[in-house]
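Architecture and fold: a report
What follows is the residue order along each chain.
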Amino acid sequence: MADSESKKPRTFIHEIIDEDLKSGRFDRVHTRFPPEPNGYLHIGHAKAIVLNFGLAEEYGGKCNLRFDDTNPLTEDPHYVESIRRDVRWLGYDWEDREFYASDYFEQLYEWAVQLIKAGKAYVDDLSAEEIRRYRGTLTEPGKESPYRNRSVEENLDLFERMRKGEFPDGSKVLRAKIDMASPNLNLRDPVMYRIIHAEHHRTGNKWCIYPTYDWAHGQSDSIEGITHSICTLEFEDHRPLYDWFLDALGVHHPRQIEFARLELTYTVLSKRKLRRLVEEGYVRGWDDPRMPTLSGLRRRGYTPEAIRDFCERIGVAKSNSVVDIALLEHCVRQDLNKRAPRKMAVLRPLRVVIENYPDDQVEYMDCINNPEDLSQGTRKVPFSKVLYIERDDFREDPPKKFYRLAPGREVRLRYAYFIKCVDVVKDPGTGEVVELRCTYDPATRGGDAPDGRKVKATLHWVSAAHALEAEVRLYDHLFTKPDPNEVEEGQDFTANINPDSLQVVTAYVEPSLAEAKPGERFQFERLGYFVVDPDSTDDKLVFNRTVTLKDTWAKLQKAGKVN
RNA sequence: UGGGGCGUGGCCAAGCGGUAAGGCACGGGGUUUUGGUCCCCGGAUUCGGAGGUUCGAAUCCUCCCGCCCCAGCCA
């Protein structure tokens, strides 16, 4: 984390915290990251994690990890585990401060009783449907429930019996008595407790009434001594309600600050939509490398450093914004460029025979592992008479600006020799180019011509006899449109799923990769960054393409400036 | 038609009354045994719009326009 420490941007949140510290409202900074364990963390959560843990770090404070587990119907310990793993992977440590809203159920219950006694909460027998109708609309005030003015004694009795399990699900709720005419709907007697006879992943069957998020969240922050409760914009309207609860209880009152959640082009970041992608089989799971989940990005080969850097670069503000996914890609490239060892791999092989190279000779060429970091040393890569090069690196009829191999043209094979294409062998039936016949210049060993002769291109290659076969999974954006939600009438975001987001090829990779282990990242020269997938076995390597290298040639082609 | 927010180049985002940072993307050039990296250079006479205050406004005031969120016993 030290690498970007100095350039961390200050935000409006820093200004607020500075004021609070200066005014004496708080004398320390204590934040928290409060996920609900009902899904996997994604890059949007990373923004919140980096913000909250980052703030604590910058101000010498603490940041808790708290699971807001108030809904036993949707939550599962499996998610708790995945969330822990992801936060840790991102590089943050919550030490012994792992909390759960469910830790506070008893305290919350007592506080609810306190509000009932103060005449500020009541048990309501209205059905969910009735409560909705009584709430009014955006423009019309609601009306009070006929049960709103029950006596404190009756409320106490009823609430206690709710806890004991005397009533069926949905038959009663506990509501705060605030103002049914408030222009802020959150203040129209919000529900604090609902009856749910369901087993909770931590409290088991101890409870059959569960606090709503609105009732639990602010008080949980208060109990933990949080100073700054940072959340997303949609909770701005809830702040007056949280203030009301805290003031009615007379307990520690954190300051809530809202910021805009992250949105990214060419993907979706809503739990509901991500869940659909998984459940309807559009991807292979939460950790599919095409998913914007942290587990997906990890499997894709993204580094925690790159994700943190991204989160710091996008800034924190209050305006809804959609960040170009190109920035995320830039961040991984930048990180991997200086870290990933280079290798040679051919994704779409074209056979090349060096006619004047001795039949059984094999030379081991010295290759630099990382030109950006010479301390990574060198390695030997075998070279022989029959090679594979990339099909894209040969054009029988080269367009202008195509520098690579073509009939009669000379190019360099990286770290090896200059070769010249002398003949093209085609399949007599299809006309497809199946092999290139080339000659090499023995004087250019290593890649330099003693006579100063220049070539315009350097190609990567692999020795056919020595190369390893590997499965390589090439990924593209999951959606075809920058905004997946831009659809025709009657369609939904799945209509924009990119049918070519995954392409699997059988590649040939240099033999030094034989020992590569899952999670190891490499740059395949001239192609991109790749990571070994956990699907790999002892006799079969599987790679995921994290991101391509920037490719000005591809850009020219795409722009139609060349054919 | 209620309430709460937000509007600065293609995308983010600084700016807090003194005359538009930075990043990504894009375009141009240089270096280069990765068409990668790296290094230069280029772009808002203008800050949603219109008025006003001021010597001076993206920054203050007024009105208007646009976008987002809220009517779960989800979070």
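Here is a short report on the structure shown in this document. Just so you know, these numbers come straight off a predicted model, no measurement behind them.

**Concerning the packing of aromatic side chains**
Note on aromatic pairs: each is described by the distance of the centres and the angle between the planes. According to the stated counting rule, one finds 23 aromatic pairs in the structure shown. Here the aromatic rings of Y40 and Y79 are separated by 5.9 Å at their centres, their planes lie at 90 degrees, and the arrangement is edge-to-face. Separated by 39 residues along the polypeptide, Y40 in the loop between β1 (30–33) and α2 (43–58) and Y79 in helix α3 (residues 77–90) bring together distant segments of the chain. Y79 shares its class with Y40; the two are buried. An aromatic cluster is defined as three or more aromatic residues linked by ring pairs; in this entry it consists of F105, Y109, F159, Y193, W207 and Y210.

**Comments concerning the pairing of strand β5 (residues 173–176)**
Of the two faces of β5, both are covered, the one formed by V173 and R175 as well as the one formed by L174 and A176. Examined bridge by bridge, strand β4 (residues 121–124) and β5 share four bridges and lie antiparallel to one another. Of the residues in β5, the one forming a bridge with V123 is L174. For β5 and strand β6 (residues 191–195), the ladder comprises three bridges, and the chain directions are antiparallel. Note that in β6 the partner of R175 across the bridge is V191.

**What about the protein's contact with RNA strand B?**
For RNA strand B, the set of nearby residues contains 65 residues, the closest of which are R342, R404, R414, G446 and T552. Counting only the atoms of RNA strand B within 4 Å of the protein, the fraction contributed by sugar and phosphate is 64%. N337 has a polar side-chain atom sitting 3.0 Å from a sugar or linking oxygen of RNA strand B. Where the surface near RNA strand B is concerned, the elements lending two or more residues are α5 (128–134), β6, β11 (321–323), α12 (325–339) and α13 (552–558).

**Considering the environment of P37**
Mapped onto the elements of the fold, P37 is located in the loop between β1 and α2. Classification of P37 by relative accessible area gives buried; the value is 0%. Along the chain, P37 and P484 lie 447 residues apart, while their C-alpha atoms are 26 Å from each other. Non-local contacts of P37, meaning those with residues more than four positions away in its chain, are made with F67, D68, D69, T74, E75, D76, Y79, V80, I83 and H201.

**Details of α2**
For α2, spanning 16 residues, the distance from its first C-alpha to its last is 22 Å, which sits close to the expected 22 Å at 1.5 Å a residue. After α2 finishes, the residue G60 shows a positive phi value of roughly 65 degrees.

What counts, and at which threshold
- Residues numbered from 1 in each chain as written.
- Chains lettered and ligands numbered in written order.
- Predicted model: local features only at pLDDT ≥ 70, side-chain atom pairs only at ≥ 80, totals over all residues.
- Heavy atoms only, no water.
- Phe/Tyr/Trp six-rings, centres within 6.5 Å; stacked < 30°, edge-to-face > 60°.
- Helix = DSSP H or I, 4+ residues; strand = E, 2+ residues; numbered from the N terminus.
- Buried < 20%, exposed > 50% of the residue type's maximum accessible area, 1.4 Å probe, protein only.
- Pairing = 2+ DSSP bridges.
- Near = heavy atom within 4 Å.
- Polar contact = N/O pair within 3.5 Å; in protein donor to acceptor, adjacent residues only side chain to side chain.
- Contact = heavy atoms within 4.5 Å.
- Expected span 1.5 Å × (residues − 1).

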